Amino acid sequence: MGKLGIDLHLDVGGGPRARSIEAALREAVTTGRLPAGTCLPGTRGLADDLGIARGTVVAAYAQLVAEGWLVSATGSGTRVADVTLPHAGAPHGPVRGVVDLRPGRPDLSLFPHGQWSAAVKRTLAAADAGSMDYGDPAGTRVLREAVATYVSRARGVRAEAGAVVITSGFTHALAVLSRALREAGAHTIATEDPGLAHHRQLIHGAGLRTAPLPVGPDGADPAGIPARAGAVLLTPAHQHPRGVVLSREARTAFLAWANERDGFVVEDDYDGEFRYDRHAVGALQALDPDRVVFAGSTSKALAPGLRLGWLVVPPRLRIPVLDALAATGASAGVPGQLALADLLDRGDYDRHVRRTRQLYRKRRTELATRLAELTDVPLDGVPAGLHALLPLASAREERRLVDAGLGAGLQLAGVHAAGYWHSARGGKAGLIVGYATPPRHAWRPALDALTGVLSGAAITPW
Ligand SMILES: Cc1ncc(COP(=O)(O)O)c(C=O)c1O
């Protein structure tokens, strides 16, 4: 809508009009629907289109100008400011000029460029012409061996190279696994509730259903496995997003279920290397390698842009997984695989994890300390990983804080807003603070801004 300039669709929802318009415009800029420089409709035209008072639109525009989302110049109307998206249109892309405190990324400025480029150079210099062929769909032998050694050593996985399959990260692995599980007879995968919406979408994309698996203070609840489930997807070392650890009793119960019902457990070990208060809990896979698919990724330890991950696959699923890999037509490129194998073999990978672990541990402690000045309610879950859940009283409070965060230059993620609950009605609310993501220079200012936003917030334990 909008009589002058562009045709602008705004989903203004309910709530106070000015705030709804602000939120809708912020959303349109953040998602790249309104690129930098776009000339917005005049206030009179937009007010007419929305059937509201012109003053309401004027107030919304003024607020967004003050926050830096819009610029207004006499004679040339109101335009979208230069907050250009590095990945315009990508739902997870960060916004320039705004510090990203959503979960999912490590501090990308810590990526070991020198070590990575040295590894690429070394391995390509040593590689023969044949190594640049299509190669083994399960991944290069040298990386499968390096991964088997690494996950056995660092995560206690029972693995040998023959069981390892290299993927383009966990996202690809889950798409492949879902197809393989369907071939093996599964119709439904139970996934944690709350859990990542994107993972449910990947499972649906492979023609399977998902069913909610409730998560409590001891992690996913095996008593809640739906009768129709043929597999369960778990984050045992550090539940995403609650941050709790799967209890010993629950581990045993999930494995008993898998054996009784001929089911499989998919262990998403996305940030298992990052535990700060004690040694990380070993992989569930070690207790039953015939029933558990272990999945790891370089996205937290190195960088998501590498698109490299691995599966350790039970013998019965190996052929279905290789068939599914062929069906998706995607596999990880050889140069990246060779470089990663080199970093793992030389111990550079471990050293990098140790270095970043110290840094993220410090950030989590700082976050917890600052929060303790505001509330007695602690962060949910254990000190681990790259994010922490701050429980809130209501979805409305969550929405308010996400909006206030944008006003203070922070991108925040809410459990409700980011679609973590299976049901649209959802459950409890909270912010998932990705404290690892900001580059070092931006961390302290981001923490100050976050503390300001949270002052007076309705924080209550789950
Ligand atoms: C729960 C969970 N699993 C897995 C991943 C890793 O996905 P990928 O390896 O595709 O980057 C993430 C990254 O954000 C995650 O949050």
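Residues numbered from 1 in each chain as written. Predicted model: local features only at pLDDT ≥ 70, side-chain atom pairs only at ≥ 80, totals over all residues.

The environment of the ligand is made up of 13 residues, and the closest members are G169, T171, Y270, S297 and S299. Along the lines of polarity and charge, the residues of the shell around the ligand split into 4 nonpolar, 8 polar and 1 charged. (Near = placed C-beta within 6 Å. Nonpolar A, V, L, I, M, F, W, Y, C, P; charged D, E, K, R; others polar.)

Domain boundaries in the protein chain define domain 1 (17-80), domain 2 (99-110 + 353-454) and domain 3 (113-349). Computed from C-alpha atoms alone, the centre-to-centre distance between domain 2 and domain 3 is 25 Å. By residue number, the principal contributor to the side of domain 2 that touches domain 3 is helix α11 (residues 348-372), which donates 5 residues. (Domains from an automatic or database assignment. Helix = DSSP H or I, 4+ residues; strand = E, 2+ residues; numbered from the N terminus.)

Mapped onto the secondary structure, A280 falls in the loop between β9 (264-268) and β10 (292-297). As a C-alpha pair, A280 and G156 span 124 residues in sequence and 9.9 Å in three-dimensional space. Other than its neighbours up to four places away in sequence, A280 contacts A237, G272, E273 and R275. (Contact = placed C-beta atoms within 7 Å.)

With that out of the way, let us pick up the sheet that holds strand β4 (residues 164-167). Working definition: the strands of a sheet are paired by backbone hydrogen bonds and lie parallel or antiparallel to each other. The 8 strands are arranged β4-β11-β10-β9-β8-β5-β6-β7 in an open sheet whose pairing can be described as mixed. This sheet does not close on itself; its edge strands, each paired only once, are β4 and β7 (219-220). Judged from the 4 bridges that link them, β9 and β10 form a sheet pairing that is parallel. Within β10, the residue paired with D268 across the bridge is A295. (Pairing = 2+ DSSP bridges.)

This part covers the confidence of the model for the protein chain. On average, residues of the protein chain score 92 in pLDDT, and 94% of them are at 70 or above. Ignoring residues within four places in sequence, the model shows residues 84-91, a span with pLDDT below 50, making 13 contacts including any to other chains. (pLDDT = per-residue confidence, 0-100.)

Helix α10 (residues 334-346) packs onto helix α5 (residues 141-155) with a crossing angle of 35° between their chain directions and a minimal axis gap of 9 Å. Crossing of α5 over α10 shows left-handed handedness. For the pair α5 and α10, contact is made by V142, L143, A146, V147 and Y150 and by Q337, L338, L340, A341, L344 and D345, respectively. Of the residues in the contact of α5 with α10, the class split is 9 nonpolar, 1 polar and 1 charged. (Axes fitted to C-alpha atoms, helices over the stretch in contact; angles between N-to-C directions. Left-handed = near helix turned anticlockwise from the far one by under 90°.)

With that out of the way, let us pick up the packing of helix α4 (residues 113-126) against α10. Running from amino to carboxyl end, α4 crosses α10 at an angle of 110°, the nearest separation of the two axes being 8 Å. Comparing the axis directions of α4 and α10 gives the class roughly perpendicular. From α4, Q115, W116, A119, V120, R122, T123 and L124 reach across to α10, where they touch P335, L338, A339, D342 and L343. When grouped by side-chain class, the residues that make up the contact of α4 with α10 number 8 nonpolar, 2 polar and 2 charged. (Parallel < 35°, antiparallel > 145°, perpendicular 65-115°, else oblique.)

Once that is clear, we can look at the sheet that holds strand β12 (residues 388-392). The strand order β12-β15-β14 describes an open sheet built from 3 strands, whose pairing is antiparallel. The open sheet terminates on both sides in strands that have one partner only, identified here as β12 and β14 (413-414). Here 5 bridges tie β12 to strand β15 (residues 429-433), and the two strands are oriented antiparallel to one another. In the strand pairing of β15, A388 is matched with V433. Along the sheet, helix α12 (residues 395-407) contacts β12, β14 and β15; its crossing angle with β15, the most-contacted strand, is approximately 35°.

In this section: the pairing of β10. Within β10, 6 of the 6 residues are buried, which leaves it mostly tucked inside the rest of the structure. Because side chains alternate across β10, one face comprises the buried residues V292, F294 and G296, and the other comprises V293, A295 and S297, equally buried. Of the pairings in the sheet, the one linking β10 to strand β11 (residues 309-312) comprises 4 bridges and is antiparallel in character. Counterpart to S297 in the pairing with β11 is G309. (Buried ≥ 20, exposed ≤ 12 C-beta atoms within 10 Å, placed from the backbone.)

As a further point, take the nonpolar core. Nonpolar side chains in soluble globular proteins tend to end up buried together. Among the nonpolar cores identified, the biggest contains 115 residues, and L177, V232, V293, L311, V312 and V321 are the most heavily contacted of them. The biggest single contributor to this core is helix α6 (residues 169-183), with 8 residues. In terms of domain composition, this core takes at least three residues from each of domain 2 (99-110 + 353-454) and domain 3 (113-349). Filtering out sequence-adjacent residues up to four positions away, V321 remains in contact with V165, V176, L177, A180, L311 and V313. (Core = buried A, V, L, I, M, F, W, Y, C linked by C-beta atoms within 7 Å.)

With that out of the way, let us pick up helix α1 (residues 17-30). Three or four residues apart is the spacing at which side chains of an α-helix point the same way, because the helix has 3.6 residues per turn. When the terminal C-alpha atoms of α1 are compared, their 20 Å separation across 14 residues agrees well with the 20 Å that a helix rising 1.5 Å per residue should span. Where α1 terminates, the next one or two residues include G32, which has phi positive at roughly 90°. (Expected span 1.5 Å × (residues − 1).)

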